[in-house]
Structures are given as structure tokens and as C-alpha cells.
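# Tertiary structure, described
Each chain is listed here by its residues.
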Amino acid sequence: MGEYIKTSVFDVFKTGPGPSSSHTIGPMKAALDFRHSVQDILSDTTLNDAAVDVCLYGSLSLTGEGHGTHKAVLGGLMGWAPETCDCDRLLALLDEPGRTYEITFAENPEKKILFTAANIHFEGNDDSLPFQNTVRFRLSEAGETVLEKEYYSVGGGFIRCKGEAEAERPDPPYGYSDMNGLRKQMRRTGLSLSEIMLSNEAAITGKSRDKIFAGLDDLIGIMCGAVENGLKTDGILPGPIGLMRKAQVLYKNSAKLEPGNGLLLGHLNAFAMAASEENAAGRKVVTAPTSGAAGVIPGIIFLLKTHYKAGLPQLRDGMLAAAAIAFIAKHNASIAGAEVGCQGEVGVASSMAAAFVAHANGLSMKQVENAAEIALEHHLGMTCDPVGGYVQIPCIERNAVGAVTAINAYILAAAGDPARQKVTFDEVVEAMMETGRDMSKKYKETSRGGLAVCCVSC
Ligand code: SF4
């Protein structure tokens, strides 16, 4: 058995501005961390004629402007954090050509660094880097380097810093590194999936159960808020595509569909697209597991709340099951479009959502696994080809399709014979990683293949 998973539920589900956790949340966290490093050496530096230069690589460069990476980096350098930043102020950054920003430090008000768009360098791909999505910060005084740090945005808003070990977390009481291990722990202890997730979360983070529940309830509230805001808002999404929002119209027109399944699926599509459109507009969303895929689980939650009157305990159970799926996918493969294409983003989101519904509805662990496996299996090979580098086409509709697939996977698992299911979740995760390794770089968030080059009317 490999190293135990020590990811927190709140690492997977975290709040931040859209449109892309790899491009927005990750780089903002990296920039904020670099700022803290600058603060650590502030008393030793004059900051005379100082500059911070930021080099972006991989898809942070190739789709960086469309994904708002340049804005996120400046926000982080100014001390903004993804979970608390003002999305409107963030969106307005660097919109005026030639504008100079001041990076200031409350503890040393006389010291400041001037920053303009010219300090951001879009460097394209560099195959010598260990991870494609890299951001490098350099603080200089009179042209001399004072501090340099390199960060990797590894998907879902997770970052790593070159040469820095990740903070150690305690071992979970019910350790596992894949689905097989999780199943074994459940068999050995007789504990439910939720019990194992809660006990591990408490041990890893030191949070009480009440705090974990409060955190989950907050996330559920923010996800539902994204759906509600998306349904209330119409108009054109930012960027040159001129894409009109569709969720509101879809929601209204769903009433004309046949009552029952037509209405239900119409609403589910509209809910997922509403949250996804909020993400595309740079509004506050919850990564699930990424921002690009941040419509699938909110769509499912809103459906369960509005059509099935699901209460918080049921939804918390669903969140815990979804988190378990994201943990295993991230630990053994990837949730980064830049690494494995969209199968790791909307594919994993759909798999998480299928497990969410299955567990929230009280299905057995075998059925929960089957639902997650089926949903991911039928996203294998799905590429990432965002038109113009914007998380709009195909991303928004893809979230809706991922949510509907999750429901279908749940039905297949709930109504089928679990003993007849051949493929395990661990096998499909391995297949996703293999497929991702073989996938051309064109289809990994670079906007150099697929729809990104074929959609002539976009
Ligand atoms: S195509 Fe998928 S992976 Fe790529 S940006 Fe869109 S949602 Fe993310």
C-alpha cells in the first residue's frame, strides 16, 4: 500500500474566485506566499528601485489572460487571499493599460514595490520544468535578484513550492491510499464511509466534528448561492467570445418540458450551468474538485434540495463521499486539466457527484463505488480545449452534461446488480492516468487543439 491520503475535505472544496483553480486560485496563493517571503526579509531590504517580475509557464502562459492568471497574481502580491478577495476588484485589476499598482506593506508603510502589466511575462511551455503550470517570482533591487521562488500549480488550486517540503500532517486513524484500502478499512472496522471520513478529517486537521459540519454547511451554502446568482443573472460573459449566459433561459424553458423527468433534467442542467456561468464570470465558487468543474456538484445539491427536499445531514454525507472520490483520484492520478485533460476535472466532478447522490441516498459502499466508477469511465479520454483560453466553451455545458451523467451513473449503480460490475474505481482511475499520459499536450488546457482551434464562429 502506498502512502496514506492526508488531504482534507477543505483542501478539495475551497472557496475562491473563478474561472480556474489552476489559473486563478493556485497562482494567487503562490503570489500571496511569495509576498509573505518578501515580508520576512523586509527589514533587510531597502526596496529602492525594487521590482517583482512574474514568469508564467505552460497553460498559465498559454491561456493565462483568458483564465485571469495575471489578475490573480497581482491580487496575491497585494495581499489578497482567494477565499476572502473581492471578486469585482479582482476582475478590474490590470484592465487599464499602463496603470501602475503599488504593492505596500502595513508593517513598513514607507516600503513599496511598483507593479505594471509589463512585470508579467507569458513564457509559453518550458519542457525542462517538472510541472507544466509553473509560476516564478523574482524580487530585484536595482536589477539585482534579492529573492526568487518557483511554484507549481498542480490542479484544483493546490500549489507546491520548489525546494519546500509540504507541511506534515498526522496519520489518519483509518489510513487508505485507494478505494481498495478504503473498502478494507470499512470492512475491518464496520464503520460507515461518513464515519471514516469524519474521523480522518478530525485527525488530519484537528477540527472538531461540529467545526467540520459547520464548514461543510458553509460550502453547501456558497454552492447553492452560486446556482441562485447564476439563475438570477443574464447577459454576456467576459471575454472576446461574446458568449451569452444560458442558465436562466434554460431554467425558464424547462417548465415547458414534460413534467417529471424532462423538467427534472432541464432544471439539473440549468443549475449546473448557473454555477458554471458564475465561475466563468469570475465570481465566487467552490472548487469541486476544480473551478472549471465547479458547476457539477452545486447542480446536484440544488436538485436534491429543491426537488427531493434533502436536508443538511444528507448533503453532508454526500459531500464526504464526493471528497473521498476526489482524494483517491488526486492521490493516484490527477485532477488537473493541464495534466490529464478534462477527464480529471469534469470527469472527476461527475464521479464525485455520482458518489454524492449514491451515498446521500443510503446505497451500499459497493454501489457508491460503482456509481463513481461508471461516471468516470464514460469521461475517459475527454480532452481540455477551452476556446480562446476562456472557461466557457466547452466548459459550461460540459458541467451540465457531467451532472446528468452523474445521475445516470447513480441509476445504473442503484438499479443494477452490483455483483455484475466488473471495473473497479481504482482501475478506472489508473486508466484515466494512463490516458492522460498518452494525451497530446494540445489537449491539456493549452487551447491549441480540439474546439479551441476548430470553432471558427467562436
Ligand atoms: S475543458 Fe474542462 S479541464 Fe479544460 S478548462 Fe474547461 S472545464 Fe477545465
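What counts and what doesn't
- Residues numbered from 1 in each chain as written.
- Predicted model: local features only at pLDDT ≥ 70, side-chain atom pairs only at ≥ 80, totals over all residues.
- Heavy atoms only, no water.
- Disulfide = S-S within 2.5 Å.
- UniProt positions renumbered as here; feature names shortened; annotations may be inferred.
- Helix = DSSP H or I, 4+ residues; strand = E, 2+ residues; numbered from the N terminus.
- Near = heavy atom within 4 Å.
- 1 Å grid on protein atoms, 1.4 Å probe; cavity = no way out; pocket = protein on both sides within 12 Å on 5 of 7 lines; lining within 4 Å.
- Sits in = over half its atoms within 2 Å of the grid points.
- Nonpolar A, V, L, I, M, F, W, Y, C, P; charged D, E, K, R; others polar.
- Buried < 20%, exposed > 50% of the residue type's maximum accessible area, 1.4 Å probe, protein only.
- Contact = heavy atoms within 4.5 Å.
- Phe/Tyr/Trp six-rings, centres within 6.5 Å; stacked < 30°, edge-to-face > 60°.
- Lys NZ or Arg CZ within 6 Å of the ring centre and 35° of its normal.
- Core = buried A, V, L, I, M, F, W, Y, C linked by side-chain atoms within 4.5 Å.
- Pairing = 2+ DSSP bridges.
- Axes fitted to C-alpha atoms, helices over the stretch in contact; angles between N-to-C directions.
- Domains from an automatic or database assignment.
- Buried area = accessible area lost by both parts, 1.4 Å probe.
- Salt bridge = Lys/Arg side-chain N within 4 Å of Asp/Glu carboxyl O.
- Polar contact = N/O pair within 3.5 Å; in protein donor to acceptor, adjacent residues only side chain to side chain.
- Points joined across faces, edges and corners; volume = space filled by probe spheres on them.

### A look at the state of the cysteines
The full count for this structure, using the stated rule, is one disulfide. The disulfide partner of Cys455 is Cys458, and the gap between their sulfur atoms is 1.8 Å. A torsion of 80° about the S-S bond marks the disulfide between Cys455 and Cys458 as right-handed. Among the cysteines around Cys161, which has no disulfide bond, Cys55 carries the closest sulfur, lying 15 Å off.

### Observations concerning the UniProt feature "domain: Serine dehydratase-like alpha subunit" (unreviewed entry) in the chain
Mapped onto this numbering, the UniProt entry annotates "domain: Serine dehydratase-like alpha subunit" (unreviewed entry) at residues 189-452. The span residues 189-452 carries 64% helix and 1% strand; its end-to-end C-alpha distance comes to 49 Å.

### Observations concerning the site of the ligand
The immediate surroundings of the ligand are formed by Gly292, Cys342, Glu345, Cys384, Asp385, Cys395 and Arg398. Comparing atom positions with the cavity grids shows the ligand to sit within the largest cavity. Residues belonging to the shell around the ligand are distributed by class as follows: three nonpolar, one polar and three charged.

### What to know about the environment of Leu47
Within the secondary structure, Leu47 is located in the loop between α2 (21-40) and β2 (50-56). Residue Leu47 is classed as buried on the basis of its relative accessible area of 5%. Separated by 99 residues in sequence, Leu47 and Val146 place their C-alpha atoms 9.7 Å apart. Ignoring any residue separated from it by four or fewer positions in sequence, one finds Leu47 in contact with Leu42, Phe105, Lys111, Lys112, Ile113, Leu139 and Glu141.

### Describing the packing of aromatic side chains
This model, assessed by the stated rule, comprises four aromatic pairs. Between the aromatic rings of Phe271 and Phe302, the centroid separation amounts to 4.8 Å while the plane-to-plane angle is 75°, which identifies the pairing as edge-to-face. Here Phe302 lies in helix α12 (residues 296-308) and Phe271 lies in helix α11 (residues 261-280), a separation of 31 residues in the sequence. In this pair, the class of Phe271 matches that of Phe302, namely buried. In textbook terms, an aromatic cluster arises when at least three aromatic residues are bridged by ring pairs, as seen for Phe34, Phe137 and Tyr151. Here the guanidinium or amino end of Arg316 rests over the ring plane of Phe213, the centre of that ring lying 4.5 Å away. Between the NZ or CZ atom of Lys330 and the centre of the ring of Phe158, over which it lies, the distance is 4.3 Å.

### Focus: the nonpolar core
Ranked by internal contacts, the top residues of the largest apolar core, which has 104 residues, are Phe13, Ile297 and Phe356. Those residues in contact with Phe356, other than ones at most four positions away along the chain, are Ile297, Ile300, Ile301, Leu304, Leu315, Gly318, Met319, Ala321 and Ala322. Formed by 34 residues, the second largest nonpolar core is a distinct cluster that contains Val38, Leu60, Leu77 and Leu90.

### Thoughts on the UniProt feature "domain: Serine dehydratase beta chain" (unreviewed entry) in the chain
Cross-referencing UniProt, the feature "domain: Serine dehydratase beta chain" (unreviewed entry) maps to residues 8-161 in the present numbering. Secondary structure content for residues 8-161 is 31% helix and 29% strand, while the C-alpha to C-alpha distance between its ends is 19 Å.

### Re the sheet that holds strand β5 (residues 120-122)
Taken together, five strands build an open sheet; the order of strands is β5-β2-β6-β7-β8 and the sheet is mixed. Two strands in the sheet have a free side with no partner beyond their single neighbour: β5 and β8 (158-161). Ignoring strand direction, the axes of neighbouring strands in this sheet form an average angle of 25°. Pairing of β2 with β5 involves three bridges; the strand directions are parallel. Each bridged residue has a counterpart across the sheet, and for Val54 the counterpart in β5 is Ile120. Strands in contact with helix α5 (residues 69-77) are β2, β5 and β6 (134-141); relative to β2, the strand with the most contacts, it is inclined by about 145°.

### So, the domain arrangement of the chain
One can read the domain layout of the chain as domain 1 (17-161) and domain 2 (179-454). If you average the C-alpha positions of domain 1 and of domain 2, the two centres end up 29 Å apart. At the junction of the two partners, domain 1 supplies 25 residues and domain 2 supplies 27 residues. For the pair domain 1 and domain 2, the two sides together bury roughly 2,000 Å², of which 55% comes from carbon and sulfur. Contact with domain 2 buries area across many residues of domain 1, yet Pro19, Leu62 and Gln132 alone supply 21% of it, more than any other trio. Remark: the boundary between domain 1 and domain 2 carries two salt bridges. Between Asp88 and Arg283 there is a salt bridge, and its shortest N-O distance comes to 2.4 Å. In this structure, the connection of domain 1 to domain 2 is made through eight residue pairs in polar contact (both at pLDDT 80 or more).

### Thoughts on empty space enclosed by the protein
The full count for this structure, using the stated rule, is three cavities of 30 Å³ or more. For the largest cavity, the calculated volume is near 190 Å³. In terms of lining residues, the largest cavity is bounded by 22 residues, among which Gly292, Glu345, Cys384, Val391 and Cys395 are the most central. Residue assignment for the lining of the largest cavity shows that the elements contributing at least two residues are α2 and α17 (395-415). With three residues, the top contributor of residues to the lining of the largest cavity is α17. Within the lining of the largest cavity, the residues separate by chemical class into eight nonpolar, 10 polar and four charged.

### Concerning the layout of surface pockets
By volume, the largest pocket is sized at about 1,100 Å³. Taken together, 30 residues line the largest pocket, and the ones lying closest to its centre are Phe158, Ile159, Arg160, Glu166 and Lys330. Put simply, the parts of the chain that give the lining of the largest pocket at least two residues each are α2, β7 (144-155), β8 and α13 (312-332). Sorting elements by how many residues they give to the lining of the largest pocket places β8 first, with four residues. Looking at the lining of the largest pocket residue by residue, the class counts come to 13 nonpolar, four polar and 13 charged. Three or more residues apiece are contributed to the lining of the largest pocket by two domains, here domain 1 (17-161) and domain 2 (179-454).

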